[in-house]
Amino acid sequence: MIKEFLQFDVVRNNAIKLAFRMHSDGFIPDVIYVLLRGGAYMGNVISEFFKVVHMSDRPVYYAAVTAHSYTDVAKASRVRIDGWTYSPEHLRVGDKVLLVDDIFDSGKTINSIARVILEKGIPRKDLKIAVHDYKYFKDKPEQLPIQPDYWCRRQDLSVNDEGTWIHYMSHELVGLSQAEIMDHYYKQDPELKKVMQLIPTRS
């Protein structure tokens, strides 16, 4: 497996450019939902862009939703939505909704959340999906109905391709080796050596 360490300022700059693309397309969200945890950093940047650019217009509501995958008794992978900070019950027809996550891989979580929003009467044209990394598996037998509308980077992959693990430096600390911590953390800030001793590492 190839591992990419993606610096937080790269994600920030790409998120600003992505927000500008939406703005240029005329899509100004009324509500931005970020998927916790991965979508929060990029969503913060996009929210800030629209807040500043449209300060004199109308507020852009910023909210979060948490969800996770689990395996049920039949061993099928499912998604459970744990909670919304702004209930989709409050959405009105005519609202433009933006759903933000860091990566679209299997797409199951985004599709589950998008389905809830669509069931509240928001048409697909008024619901946009934005991700930093879009993994599109071109030879997948069946594609999920909801695919990203906006992305910073897209990888066209085969289901047999060796995966690339993207480590988002803005928030991830899981799955690091001692060598990776040394290269990507301690070299930039030696004080982290004392702080990060509590973090389990892989061999």
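Data block above holds the structure.
Computed from a predicted model, the values in this text were never measured in an experiment.

About the thresholds
- Residues numbered from 1 in each chain as written.
- Predicted model: local features only at pLDDT ≥ 70, side-chain atom pairs only at ≥ 80, totals over all residues.
- Heavy atoms only, no water.
- Helix = DSSP H or I, 4+ residues; strand = E, 2+ residues; numbered from the N terminus.
- Rg over C-alpha atoms; globule rule 2.2 N^0.38 Å.
- Buried < 20%, exposed > 50% of the residue type's maximum accessible area, 1.4 Å probe, protein only.
- Contact = heavy atoms within 4.5 Å.
- Areas by Shrake-Rupley, 256 points an atom, 1.4 Å probe, with all protein chains shown as cover.
- Lys, Arg positive; Asp, Glu negative; His and termini not counted.
- Charge placed at Lys NZ, Arg CZ, Asp CG, Glu CD.
- 1 Å grid on protein atoms, 1.4 Å probe; cavity = no way out; pocket = protein on both sides within 12 Å on 5 of 7 lines; lining within 4 Å.
- Points joined across faces, edges and corners; volume = space filled by probe spheres on them.
- Nonpolar A, V, L, I, M, F, W, Y, C, P; charged D, E, K, R; others polar.
- Salt bridge = Lys/Arg side-chain N within 4 Å of Asp/Glu carboxyl O.
- Phe/Tyr/Trp six-rings, centres within 6.5 Å; stacked < 30°, edge-to-face > 60°.

1. Focus: the overall build of the protein
Looking only at helices and strands, one finds five helices and eight strands in the protein. When the helices and strands of the protein are listed from N to C terminus, the series reads β-α-β-α-β-β-β-α-β-β-β-α-α. The C-alpha radius of gyration of the protein comes to 18 Å, within 12% of the 17 Å expected for a compact globule of 203 residues. Summarising its shape, the C-alpha atoms of the protein cover approximately 50 × 50 × 30 Å along the three principal directions. In the protein, buried positions account for 42% of the 203 residues. Long-range pairs, those at least 24 residues apart, make up 65% of the contacts in the protein between residues at least 6 apart in sequence. On the protein, roughly 11,400 Å² of surface is accessible, and the fraction owed to carbon and sulfur atoms is 55%. Across the protein, the mean location of the 27 positive side-chain charges is 1 Å away from that of the 27 negative side-chain charges.

2. Examining empty space enclosed by the protein
All told, the structure shown has two cavities of 30 Å³ or more when counted by the stated rule. Its volume calculated, the largest cavity comes out at about 60 Å³. Considering each element in turn, the lining of the largest cavity owes the most residues, four residues, to strand β6 (residues 127-137). Counted as a void, the second largest cavity has a volume near 40 Å³. When the residues that make up the lining of the second largest cavity are grouped by side-chain class, the tally is four nonpolar, four polar and one charged.

3. Looking at the environment of leucine 157
Locating leucine 157 in the fold gives a position in strand β7 (residues 150-157). It is 5.9 Å that separates the C-alpha atoms of leucine 157 and tyrosine 136, two residues lying 21 residues apart in sequence. Residues within four places of leucine 157 in sequence aside, it is in contact with Lys135, Tyr136, Phe137, Lys138 and Asp139.

4. A few points about the pattern of salt bridges
On inspection of all chains with the given rule, the structure shows 14 salt bridges. Ionic pairing is found between lysine 3 and glutamate 180, a salt bridge with its closest N-O pair at 3.1 Å. Here the residue lysine 3 occupies a position in strand β1 (residues 2-6), and glutamate 180 occupies one in helix α4 (residues 178-186), the gap between them amounting to 177 residues. Using a relative accessible area of 23% as the deciding quantity, one classes lysine 3 as partly exposed. On the basis of relative accessible area, glutamate 180 is assigned to the buried category, the value being 12%. For glutamate 48, the salt bridge goes to lysine 51, with nearest N and O atoms at 3.2 Å. Of the two residues, glutamate 48 and lysine 51 both sit in helix α2 (residues 40-53), three residues apart, roughly one turn of that helix. Owing to a relative accessible area of 40%, glutamate 48 belongs among the partly exposed residues under this scheme. Through salt bridges with shared partners, a single ionic network connects Lys3, Glu180 and Arg202.

5. Re the packing of aromatic side chains
The final tally for this structure, using the stated rule, is six aromatic pairs. Both rings, one in tyrosine 33 and one in tryptophan 84, keep their centres 5.2 Å apart while their planes meet at 75°; by these two values the pair is edge-to-face. Of this pair, tyrosine 33 sits in strand β2 (residues 31-36) while tryptophan 84 sits in strand β4 (residues 77-84), placing them 51 residues apart in sequence. Here a set of aromatic residues connected by ring pairs shows up, and it is made of Phe104, Tyr134, Tyr136 and Trp151.

6. A few points about unusual backbone geometry
Here leucine 36 and arginine 37 are connected by a cis peptide whose omega angle stands at 10°. Within the secondary structure, arginine 37 is located in the loop between β2 and α2.

7. Some words on the layout of surface pockets
Roughly 670 Å³ of volume is contained in the largest pocket. Asp101, Asp102, Ile103, Trp165 and Glu172 are, among the 29 residues lining the largest pocket, the residues nearest its centre. Elements with a contribution of two residues or more to the lining of the largest pocket: β2, β3 (61-71), β5 (97-104), α3 (108-119) and β8 (164-168). With five residues, β3 is the largest single contributor of residues to the lining of the largest pocket. The residue inventory of the lining of the largest pocket, partitioned by class, reads 12 nonpolar, 10 polar and seven charged.

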